[in-house]
Amino acid sequence: MPKATNADDSEPSDGVQIDLISGERMDGMATMEKIRMILDGVHDGNIVILEEGLTPDEESRLIEVTMAEISPDEFNGIEIETYPKSDTRDSSLLGRIMGGEQAETKLTVIGPANQIETLHKDETLISALVSRN
């Protein structure tokens, strides 16, 4: 991921970089490519926001890989928040039993565990406090 830079483009800025990644960019990637891109950004101290989120399997794999990379002095892990895509299909219990798909994720926010704290989360809003560690 590119580093945030000052207007003169000579050295990194003092702010927090936020990488907004479109669903289109993620479409052609394999699971491990997605995970590596996300974790490389988070290792650099960036907040990564995925437009279309990850599948449940990809999210589980992200957590597994993150746990393997945690190091007390270097990497504290990730904070991840996601909320479901609104689904126009029948979301009733009977509709789900009869074959309706469960909602896919719509937006996922991922950042270094020591820099991001979730303040509030509901179906339409994720509010987070980001520190410049």
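Our structure is the block above this text.
Bear in mind that the values here come from a model prediction, so they are computed numbers and not experimental data. As a convention, each chain's residues are numbered from 1 in the sequence order in which they are written. Where totals are concerned, whole chains, interfaces and linings use all residues; where local detail is concerned, this predicted model gives features only for residues with pLDDT of at least 70, and gives and counts side-chain atom pairs only at 80 or more. No hydrogens and no water enter the side-chain calculation; it runs on all heavy atoms of the structure.

S.K.: Help me understand the overall build of the protein in this model?
M.R.: Only DSSP runs of H or I covering at least 4 residues are called helices, and only runs of E covering at least 2 are called strands; the numbering of each starts at the N terminus. Helices and strands together make up the secondary structure of the protein, namely 4 helices and 6 strands. What you see in the protein, going N to C, is helices and strands ordered as β-α-α-β-α-β-α-β-β-β. The buried share among the 133 residues of the protein stands at 31%. Note on definitions: a residue-residue contact is assigned when non-hydrogen atoms from the two residues lie within 4.5 Å. Sequence-distant contacts, at least 24 apart, represent 60% of the contacts inside the protein between residues at least 6 apart. Accessible area for the protein stands at about 8600 Å²; split by element, carbon and sulfur atoms hold 49% of it. Relative accessible area decides the class of each residue, using a 1.4 Å probe on protein chains only: under 20% of the type maximum gives buried, over 50% gives exposed, and in between gives partly exposed. In this description, accessible areas are obtained by the Shrake-Rupley approach with a 1.4 Å probe, and a residue is regarded as covered only by the protein chains that are shown.

S.K.: How do you make sense of the nonpolar core when you look at a structure like this?
M.R.: One recurring pattern in soluble globular proteins is that nonpolar side chains are buried together. In this description, a nonpolar core means a group of buried Ala, Val, Leu, Ile, Met, Phe, Trp, Tyr and Cys residues linked to one another through side-chain atoms lying within 4.5 Å. Counting residues in hydrophobic clusters, the biggest one holds 15 residues, and the most contacted among them are I38, L50, L62 and I110. At the level of elements, helix 2 (31–43), strand 2 (47–50) and helix 3 (56–69) are the ones that each hand at least two residues to this core. For this core, the element with the most residues is helix 2, which contributes 5 residues. Among all residues touching I38, those that are not within four sequence positions of it are V48, L50, L54, L62 and I110. One finds I49, V109, I116 and I126 within the second-largest nonpolar core, a separate group that totals 6 residues.

S.K.: What should I look at first to understand the side chain of E81 in this one?
M.R.: Mapped onto the secondary structure, E81 falls in strand 3 (residues 78–84). By the criterion applied in these results, polar contacts are pairs of N or O atoms within 3.5 Å in which, for protein atoms, one can donate a hydrogen and the other can accept it, and in which residues neighboring in sequence qualify only through two side-chain atoms. Within the local environment of E81, its side chain forms a polar contact with the side chain of K121, the two groups lying 3.4 Å apart.

S.K.: What should I look at first to understand a nonpolar patch on the surface in this one?
M.R.: Patch membership requires over 30% relative accessible area and the absence of a salt bridge. Like charges are linked within 9 Å, and nonpolar side chains (Val, Leu, Ile, Met, Phe, Trp, Tyr) within 5 Å. By salt bridge we mean one thing: a side-chain nitrogen of Lys or Arg within 4 Å of a carboxyl oxygen of Asp or Glu. Judged by side-chain polarity, I63, M67 and I70 come together as a nonpolar surface patch covering roughly 270 Å² of accessible area. Within the secondary structure layout, I70 lies in the loop between helix 3 and strand 3. Taking the relative accessible area as the measure of exposure, I70 reaches 37% and is therefore partly exposed.

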